Each structure stands twice: as structure tokens, then as C-alpha cells.
Amino acid sequence: MPTALITGITGQDGAYLSQLLLSKGYRVVGLVRRSASADVIGARLHWLNVADRVELVDGNLTDLSSLIRIMETVKPDEVYNLAAQSFVAASWQQPLLTGNVTGLGAANVLEAARIVNPAVRFYQASSSEMFGLIQEKIQSEKTPFYPRSPYAVAKLYAHWMTVNYRESFGMHASSGILFNHESPLRGIEFVTRKVTDGVARIKLGLANELALGNLDATRDWGHARDYVEAMWLMLQQDKPDDYVVATGRTTSIRDLCRIAFSHVGLDYEAHVRVDPAFFRPAEVEVLLGDASKAKKALGWEAKTSLEDMVSEMVDADLVRHRAKAGL
Ligand code: NDP
Ligand code: GDP
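Residues numbered from 1 in each chain as written. Chains lettered and ligands numbered in written order. Predicted model: local features only at pLDDT ≥ 70, side-chain atom pairs only at ≥ 80, totals over all residues. Heavy atoms only, no water.

The chain is annotated in an unreviewed UniProt entry as GDP-mannose 4,6-dehydratase from Acetobacter nitrogenifigens DSM 23921 = NBRC 105050. Quoted verbatim from the Cofactor (unreviewed entry) field of the UniProt record, the comment on the chain reads "NADP(+)". For the record of the chain, the UniProt heading Catalytic activity (unreviewed entry) holds the text "GDP-alpha-D-mannose = GDP-4-dehydro-alpha-D-rhamnose + H2O". (UniProt positions renumbered as here; feature names shortened; annotations may be inferred.)

Peer 1: Teacher, can you tell me more about the UniProt feature "domain: NAD(P)-binding" (unreviewed entry) in the chain here?
Peer 2: Residues annotated in UniProt with the feature "domain: NAD(P)-binding" (unreviewed entry) correspond here to residues 5-313. Taken end to end, residues 5-313 comprises 40% helix and 16% strand; its first and last C-alpha atoms sit 28 Å apart. (Helix = DSSP H or I, 4+ residues; strand = E, 2+ residues; numbered from the N terminus.)

Peer 1: Teacher, can you tell me more about the pairing of strand β2 (residues 27-32) here?
Peer 2: Regular strands place their side chains on alternate faces of the sheet. Taking burial as the measure, the 6 residues of β2 include 5 buried ones, the bulk of the element. Pairing analysis gives 5 bridges linking strand β1 (residues 3-7) to β2, with the strands arranged parallel. Each bridged residue has a counterpart across the sheet, and for Ala-4 the counterpart in β2 is Val-28. In this region the chain leaves β1, passes through helix α1 (residues 12-23) and returns to the parallel neighbour β2; the handedness of that crossover is right-handed. Across 4 bridges, β2 lies against strand β3 (residues 55-58) in parallel orientation. When the sheet's bridge partners are listed, Leu-31 is paired in β3 with Val-57. (Buried < 20%, exposed > 50% of the residue type's maximum accessible area, 1.4 Å probe, protein only. Pairing = 2+ DSSP bridges. Right-handed = clockwise from strand over helix to strand, strands pointing away.)

Peer 1: Where do I start with the site of ligand 2 in this structure?
Peer 2: Neighbouring residues of ligand 2: 18 residues in total, closest Glu-129, Lys-194, Arg-219, Arg-280 and Glu-283. Between ligand 2 and Lys-194 there is a distance of 2.7 Å, counted from an oxygen atom to a side-chain nitrogen or oxygen. Between ligand 2 and Arg-280 there is a distance of 2.6 Å, counted from an oxygen atom to a side-chain nitrogen or oxygen. Look at ligand 2: alone it shows 530 Å² of surface, and the protein chains cover 97% of it. (Near = heavy atom within 4 Å. Polar contact = N/O pair within 3.5 Å; in protein donor to acceptor, adjacent residues only side chain to side chain. Areas by Shrake-Rupley, 256 points an atom, 1.4 Å probe, with all protein chains shown as cover.)

Peer 1: How should the site of ligand 1 be read in this particular structure?
Peer 2: For ligand 1, the set of nearby residues contains 24 residues, the closest of which are Thr-10, Asp-13, Arg-33, Ser-86 and Tyr-151. Asn-60 has a polar side-chain atom sitting 2.8 Å from a nitrogen atom of ligand 1. The backbone of Leu-61 places a nitrogen or oxygen atom 3.0 Å from a nitrogen atom of ligand 1. Taking 900 Å² as the accessible area of ligand 1 by itself, protein coverage stands at 87%. Among the elements of the structure, α1, β5 (121-127) and α6 (150-169) are those that each provide at least two residues to the shell around ligand 1. A per-element tally of the shell around ligand 1 places β5 first, with 3 residues.

This is the structure:
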């Protein structure tokens, strides 16, 4: 039975990846950072009914000693580095922490792997945010990067360290340049989930309006459940490499609102208010990915449409709010 170590197992992708790897017969071990509320750790793993089937170990991406110890005791065959300060907006408030965790943290995991077992297969969660101020209309593995936030700068460092460890030490280190991917388990601060949560509250009469920032930005949104399959496929290849993972369709926040509100028979224009407080110091206006390399080499393509995903998210938020409000 192969063993996978997942950093960031308590996050959105960590939960879906755990579910996928368990279904394939893996032993799944997750690195979890110390929290004052240990009882709430694993809410997403519980949602997918996998909490009882994964092992959790204490550690932190900023603590190399903990990573070395975990590598030694867990003896993983595959390491998926998903842990990060992952919210772009927060990266301007905590740029140095973001650099430490999202950037140097990845280097720590690579170092732990190099020291303990350089033959381990390593996945780095890179991001389309690295394209930032886009240099090509459709972004592929060949598109030059232009990061626009401390988050994206940190991810770029981690990405190049992954490439460098592959080239310097021959490690099986791959980087997935994933475009935005969402699900009912997405953090509520991200725009898709903020919208679906808002739609549910407005539909149930618990709120009347939803304040958002830039409605004109567009994103290439896919489903996290589909995207974790691409992560796994990358580590099953003979050779490590970098792959863009995307749907090839880009949609504005405005149209996302239209789709989400209309799912419950509401008009978004009657409820959405633009609040400049949610504008960013520097914006990524458009992202649109070309995943043809992943399709050709991995046989991967996105399966879930934006409409189906948004409906699933709105329905899940309706269930959550009905339960909370006792409706
Ligand atoms: P989440 O924000 O949902 O999860 C982040 C995870 O990192 C959580 O488990 C969190 O733990 C953990 N973490 C944060 N800081 C530390 C630390 N110092 N030490 C150990 N663990 C830590 O992210 P997603 O699941 O959405 O994304 C997974 C990865 O993919 C991230 O690296 C993200 O940046 C990247 N990515 C995501 C995209 C997306 O659209 N979702 C697109 C491209 C890349 P805790 O529960 O304690 O907070
Ligand atoms: P990101 O692509 O990783 O930054 O993912 P987000 O979901 O946080 O943001 C996607 C886009 O939605 C960005 O261009 C934001 O500026 C835009 N956006 C507009 N209003 C909001 C909002 O209220 N919250 C967030 N998070 N993003 C918003």
C-alpha cells in the first residue's frame, strides 16, 4: 500500500485529495498545524466522510525539523505540498508570513525530502496567480510569469524551487499550475463561495444584500474534485514536469453572480452592491488557461461545468444555513 503525505490536508484540496487517494488504496497521512481549537480541525474531512480514515501528524511548514521528523517516521512514497497562506487579499496584510509559509515553506518540504529520501515523489501546488498581469491571452506552461501580489510572488519562488530541485538533484518534483478551483468546501473568503453563501442567506431571508469588489475580473474556474486527479496523475508519470490545469473558459464575477442567483430564481442586480473595500491594491483582471499539455500527457480534462459546480455550492450553502437557522 503506497503512503501519501499531504501538507494542507485540512484545506479544500487536502480533503478532496484524501478522498481520491483513499479510494485508490493509499495510506494517507496529513500534516496539521497546532490550533487552539483542535476540535474544529478536520471539518472538511468530515464533510467528505474521510476524517476517520486519515492519520494526522503535528508539524508546520515553517519548522524544518518537524518536516524532517515526519518524513523519517511516515516514510511517504508521495508528498503533496498543498499547505499555504492561500488567500491573495490577505497576502498584502501579511506579506512576510505569506513569503515564509507559501514560499519558503515549500523549500522546507523540498529540503526535508532531499535530506531524508530524495527518491520521494513531490507535488507543488503552484497557481495561475503567477501569470498575474497576463503576458498572453491564453496562459500555458510557456507563458512568462508576472506576479501581482505577495501571494503570487511567494508561489513563484516555490515553483522555481521545485523546478530547481528537479534539475539540481534529479528529484521527481512536479509543479501543477492550477487555475482557480472551487467546491462547497472552498474557504468562504474566496469570491465563489462568498457569492454562493450570500445567495443562500438572501434566499432564506437571512440577509438582503451582498457586498463585493471588482465584478469585471474574470477567472477560469473548475471543480476541486476534478483538479486533485491531475495532481495524482502528475506523480504517476515516469518523468516529473510542470502542467497547467484549467477548464479553458473564463467568466466574470458579474456572470458568476448571475448564474448563482438565478439558480434560486433571484436577480443578482437587486442584491449585489459594489464596495470599494474589497478592491485590491493590484488586480489580476483575467485568467484563462490552456490545459492541452495535461490532456495530452496525463489524459486529464475538466469534467464539471461552472453551472453545475455553482448549483452544487449554492445547494450546499442552503443546507448549511437551513441547519444553522433551524429552518
Ligand atoms: P486552503 O486555504 O483551503 O488550505 C490551505 C491549507 O494550508 C490548510 O490546510 C491550512 O491549515 C494549511 N496551512 C496554512 N499555513 C500552514 C502552515 N504554516 N503549516 C502547515 N499548514 C499550513 O487552500 P486550497 O485547498 O484551496 O489550496 C491548496 C493549495 O493549492 C494551496 O497551496 C493554494 O495556494 C494552492 N492553489 C489553490 C488554488 C485554488 O483555486 N484553490 C489555485 C492554485 C493553487 P489550517 O486548516 O490550519 O488553516
Ligand atoms: P484569487 O483569484 O485567488 O484571488 O481568488 P478570489 O476568489 O479571492 O478572487 C477572484 C477575483 O474575484 C479577484 O479578481 C477579486 O478581485 C474578485 N472579487 C470581487 N469581489 C470579491 C470579494 O468580495 N471577495 C473576493 N475574495 N474576491 C472578489
